Amino acid sequence: MNFDFTGRLTDHVSQERLAGLVSALAEIGKSDGGGVNRQALTPQDVAARKFLSQIAADLGCEVYRDAAANVFFRRRGTTDAPPVVTGSHIDTQPTGGRFDGAYGVCAGLEMLAALSDAGVTTELPLEVAIWTNEEGCRFAPGSMGSATFVHPELLTSFGESTDSAGVRFAEALADAAAALGEIPLVPLKRTFSAFIEAHIEQGPVLEREGKKIGVVSGIQGVRWFRVSVRGRTSHAGTTPIEFRKDAVLVATELVQQAYVAAYESDTDLRLTVGRFDVSPGATNTIASEVNFTIDLRHPCEGVLDDFEAKFRSWTRRQSPCTISLQELMRHKPTPFSGRVRAALIGAAEQCGEPWQEILSGAFHDSMYLAEHCPTGMLFIPSKDGLSHHPGEFSASDELAWGAKALTLAMYRLANPLLDGAAN
Ligand SMILES: [Zn+2]
């Protein structure tokens, strides 16, 4: 089997079959305006898993589930080595669209169908995963399925998370397990050879640049802080400048300084002050307190460290007000595997469509998988960068180009001897 063969493999990826599957899946939990409301472990989510499991079984795949209700479709290889896995999630936000998450699972099934049509086997087994509760809107936090797969000890604490009706995640899991009962169980934290997630970009870059495929270099790190500035209320008209402890003046100086420093330091640094609360909030009273938030993101931990250190030093300087900083959340940057990126770049080149490297601004299940095995992601364009919205849209040819690149990359990773032979 020579390398030219993989070029013909993409002929077996069917745009019509893939677009048809995305549409059929969107019927399960369909909402007004063409959107989808299929929140994690609801009857709609379970029905969608059964629907996709039947398609995988019809392709000759084995179907498995694990203790977090993650579902896996397995296509045997010529060896029993750990599988090369792709997949994403099929739960949605209440105001979700047809593509976020669902695309990655449908593209994986299209890859399995294309390989069947082409009549080829791979050395390593291939799997398509459906990760439970990525969105985190019914049960917080998000990405519980992939997090539990990589860190099984989390299942106990996640089990106590309740939805707005008071249902515990553990109860919802038990109900799903009963409904999926005929599907055999496999352990959490099984060894994978590699993992690739195909996903819509959820941003405007690929569309703006006219690219069909984004090879994701990593997921940027994020830190959230709450900054509290405490001054003193006094009369707006009668308090001279030197007697004022004006929390708004001090807070706005800090915010302005942070924005200027962020924009000047690095174009990839994302700083957002999204909340700014002033107390007591009266027109003719100097503010006694301002609380504002900072959302800081960058792909390099060092850049985040430097900016945080700089910002902390500003909060310690001489001021008429007291300034304090509280960290609310911190996620390290996730750089993706060089080997998986190389496979995706080779696949994108072979497709012959314009592609580019891109950074993920949002979290994905791949963030956890990257702790477990060599991991990468592939993006396809999102019209107007829209997601978590019924208007979420990617064109059928864009769905197909992503699936073609995915198929080539998966085929390559699942045939390591082929790589050796080609070199
Ligand atoms: Zn998603």
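Residues numbered from 1 in each chain as written. Predicted model: local features only at pLDDT ≥ 70, side-chain atom pairs only at ≥ 80, totals over all residues. Heavy atoms only, no water.

Moving on, we get to the packing of helix 2 (residues 15-26) against helix 3 (residues 43-58). At a minimum axis separation of 10 Å, helix 2 and helix 3 run at an interaxial angle of 150°. Judged by the inter-axis angle, helix 2 sits roughly antiparallel to helix 3. Note that helix 2 runs across helix 3; the crossing there is right-handed. Here helix 2 contributes Leu21, Ala24 and Leu25 to the contact with helix 3, which in turn contributes Ala48, Phe51, Leu52 and Ile55. (Axes fitted to C-alpha atoms, helices over the stretch in contact; angles between N-to-C directions. Helix = DSSP H or I, 4+ residues; strand = E, 2+ residues; numbered from the N terminus. Parallel < 35°, antiparallel > 145°, perpendicular 65-115°, else oblique. Left-handed = near helix turned anticlockwise from the far one by under 90°. Contact = heavy atoms within 4.5 Å.)

With that settled, consider the pattern of salt bridges. Evaluated as defined, the whole model comprises 23 salt bridges. As a salt-bridge pair, Arg223 and Asp305 come within 2.7 Å of each other at their nearest N and O atoms. You can see Arg223 sitting in strand 7 (residues 221-230) and its partner Asp305 sitting in helix 10 (residues 301-315), a full 82 residues away along the chain. Given a relative accessible area of 36%, Asp305 falls into the partly exposed group. When the shortest N-O distance is used, the salt bridge between Arg297 and Asp295 registers 2.8 Å. Salt bridges sharing partners connect three or more residues here, namely Arg223, Glu301, Asp305, Glu308, Arg312, Glu327 and Arg330. (Salt bridge = Lys/Arg side-chain N within 4 Å of Asp/Glu carboxyl O. Buried < 20%, exposed > 50% of the residue type's maximum accessible area, 1.4 Å probe, protein only.)

Here helix 11 (residues 338-351) is 14 residues long and its end C-alpha atoms lie 20 Å apart, about the 20 Å a rise of 1.5 Å per residue gives. Of the residues making up helix 11, those classed as buried are Val340, Ala343, Leu344, Ala347, Ala348 and Cys351. Angularly, the buried residues of helix 11 cover 135° about the axis, an arc narrow enough to put them on a single face. Among the exposed residues of helix 11, those oriented more than 90 degrees off its buried face are Gly338 and Glu349. Looking at the buried residues of helix 11, the elements they touch are strand 5 (194-200), strand 6 (213-219), strand 13 (355-360), strand 14 (375-380) and helix 13 (396-413). Residue Gly352 follows helix 11 closely and has a positive phi angle near 80°. (Expected span 1.5 Å × (residues − 1). Arc of directions from axis to C-beta.)

Applying the stated criterion to the full structure yields zero disulfides. We note that Cys137 lacks a disulfide partner, and the nearest cysteine sulfur, in Cys106, lies 18 Å from it. (Disulfide = S-S within 2.5 Å.)

What follows covers the UniProt feature "binding site: Zn(2+) 1" (unreviewed entry) in the protein chain. Following the UniProt record, the feature "binding site: Zn(2+) 1" (unreviewed entry) maps to His89, Asp100 and His199 here. Annotated residues spanning 111 residues; largest pairwise C-alpha distance 9.6 Å, indicating a single compact cluster. As for the annotated residues, the ones lining the second largest pocket are Asp100. By secondary structure assignment, the location of Asp100 is in the loop between strand 3 (84-89) and helix 4 (102-118). Within polar-contact distance, the side chain of Asp100 engages the side chain of His388 at 3.2 Å. Counting through the fold element by element, His199 comes out in strand 5. Beyond its immediate stretch of four places on either side in the chain, His199 contacts Ser88, His89, Asp100, Gly101, Tyr103, His364, Met377, Leu378, Phe379 and Ile380. (UniProt positions renumbered as here; feature names shortened; annotations may be inferred. 1 Å grid on protein atoms, 1.4 Å probe; cavity = no way out; pocket = protein on both sides within 12 Å on 5 of 7 lines; lining within 4 Å. Polar contact = N/O pair within 3.5 Å; in protein donor to acceptor, adjacent residues only side chain to side chain.)

Cross-referencing UniProt, the feature "binding site: Zn(2+) 2" (unreviewed entry) maps to Asp100, Glu135 and His388 in the present numbering. Over a stretch of 289 residues, the named residues converge on one spot in the fold, their C-alpha atoms separated by at most 9.7 Å. Lining residues of the second largest pocket drawn from the annotated set just named are Asp100, Glu135 and His388. By relative accessible area, Asp100 is classed as buried at 6%. If near-sequence neighbours (up to four positions away) are discounted, Asp100 is found in contact with His89, Asp91, Glu135, His199, Ile200, Gln202, His388 and Glu392. The topology assignment puts His388 in the loop between strand 14 and helix 13. On the accessibility criterion, His388 (36% relative accessible area) is partly exposed. The contact partners of His388, leaving out residues within four places of it in the chain, are Gln93, Thr95, Gly96, Asp100, Glu135 and Gln202.

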